[in-house]
Amino acid sequence: MSQDVNLYREPTDKNSGKIPVWLKWGLITGFLQIAIVGIQYSVDPALMIAWWNSLLSVGLLVALMVGASLEYREGEGGWMSYGASVWVMLRVCMLGSFMSVVFMGVLYNLIDKGLAEQMKEITLEQVEKMLEKFDVPPDQIEEQMEDIEKRDFSQTPRALITSWLISVVFGLFLALIASAFTKKTEPLFTDESTATDE
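Quick look at the structure, then. (Residues numbered from 1 in each chain as written. Predicted model: local features only at pLDDT ≥ 70, side-chain atom pairs only at ≥ 80, totals over all residues. Heavy atoms only, no water.)

**Quick notes on the pattern of salt bridges**
- Overall, the coordinates contain two salt bridges when judged by the stated rule.
- Between Glu71 and Lys24 there is a salt bridge, with the nearest N and O atoms lying 2.8 Å from each other. Of this pair, Glu71 sits in helix α2 (residues 51-75) while Lys24 sits in helix α1 (residues 21-43); the two residues are 47 residues apart in sequence, bridging distant segments of the chain.
- For Lys24, a relative accessible area of 29% corresponds to the partly exposed category.
- With its nearest N and O atoms 3.2 Å apart, the salt bridge here joins Glu125 to Lys129. A residue pair is termed a helical-turn pair when its members lie 3 or 4 positions apart in one helix, as Glu125 and Lys129 do in helix α4 (residues 115-133) at four residues. (Salt bridge = Lys/Arg side-chain N within 4 Å of Asp/Glu carboxyl O. Helix = DSSP H or I, 4+ residues; strand = E, 2+ residues; numbered from the N terminus. Buried < 20%, exposed > 50% of the residue type's maximum accessible area, 1.4 Å probe, protein only.)

What follows is the structure, given as structure tokens:
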């Protein structure tokens, strides 16, 4: 009795002949991140470093990466390997983060050259309030303030590249976790082969 094992599946055409899924979702991610930063900067630059801003950014990134992965899976006939899902998500993150980093460079170095110093002052104020709230001794608060004063808040090419690399590594971490839920492996035996064997 022979078994018709479906080791090869003809590729579908839903993911061909149009803009790649990762590129579309990467552009969406980048433009949304730029829009959010732009709105925050326009309303109040302090919003750019608010504690909830990181949570918003991570939540948005995960949602868009998962959206890209699910669309790619649908275009592949409903099946997608773990590796394919990770690769789609990672490229979405890489492109979106790159666009965001470029915008930050333009914002800090062309649009508002005094923004770096302003962000330092905002950080000093917020950290000092937080430390006082937790009854940190004055000498330790002063030490923390001095450390922040020494920090360079300017967005140099090196700082921007470092920021992008950190974002990519973090995006890979998220993709490795999220892909465990979006992957859907095609079974080796099809219904037709099972019916034939019977």
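**Considerations on the packing of α1 against α2**
- Relative to each other, α1 and α2 sit at 160°, their axes nearing to 9 Å. Here α2 runs roughly antiparallel to α1, going by the angle between their axes. Where α1 crosses over α2, the handedness of that crossing is right-handed. Contacts from Val21, Lys24, Trp25, Ile28, Thr29, Leu32, Ile36 and Gln40 of α1 reach α2 at Trp52, Asn53, Leu56, Leu60, Leu61, Leu64, Gly67, Ala68, Glu71 and Tyr72.
- For the contact of α1 with α2, the per-class residue count stands at 12 nonpolar, four polar and two charged. (Axes fitted to C-alpha atoms, helices over the stretch in contact; angles between N-to-C directions. Parallel < 35°, antiparallel > 145°, perpendicular 65-115°, else oblique. Left-handed = near helix turned anticlockwise from the far one by under 90°. Contact = heavy atoms within 4.5 Å. Nonpolar A, V, L, I, M, F, W, Y, C, P; charged D, E, K, R; others polar.)

**Observations concerning the side chain of Thr29**
- Mapping Thr29 onto the fold places it in helix α1.
- Thr29 gets classed as buried once you look at its relative accessible area, which sits at 1%.
- Of note is the side chain of Thr29, whose polar atom sits 2.7 Å from the backbone oxygen of Trp25.
- Those residues in contact with Thr29, other than ones at most four positions away along the chain, are Leu61, Leu64, Val92 and Gly96. (Polar contact = N/O pair within 3.5 Å; in protein donor to acceptor, adjacent residues only side chain to side chain.)

**As for the environment of Cys93**
- Within the fold, Cys93 resides in helix α3 (residues 82-111).
- For the pair Cys93 and Trp22, spaced 71 residues apart in sequence, the C-alpha to C-alpha distance is 9.0 Å.
- The contacts of Cys93, once residues within four sequence positions are left out, are Leu61, Met65, Ser167, Val168 and Gly171.

**Section: the packing of α1 against α3**
- The N-to-C vectors of α1 and α3 enclose an angle of 35°; their axes lie 8 Å apart at closest approach. As for how α1 packs across α3, the hand of that crossing is right-handed.

**Quick word on the nonpolar core**
- With 23 residues, the main nonpolar core has Met48, Leu107, Tyr108, Met119 and Met145 as its most contacted residues.
- Breaking this core down by element, the ones donating at least two residues are α1, α3, α4 and α5 (138-150).
- Ignoring anything within four residues of it in the chain, the contact list for Tyr108 reads Met48, Lys113, Leu115, Ala116, Met119, Phe153 and Gln155.
- Membership of the second largest hydrophobic core comes to 14 residues, among which are Trp25, Ala68, Val92 and Cys93. (Core = buried A, V, L, I, M, F, W, Y, C linked by side-chain atoms within 4.5 Å.)

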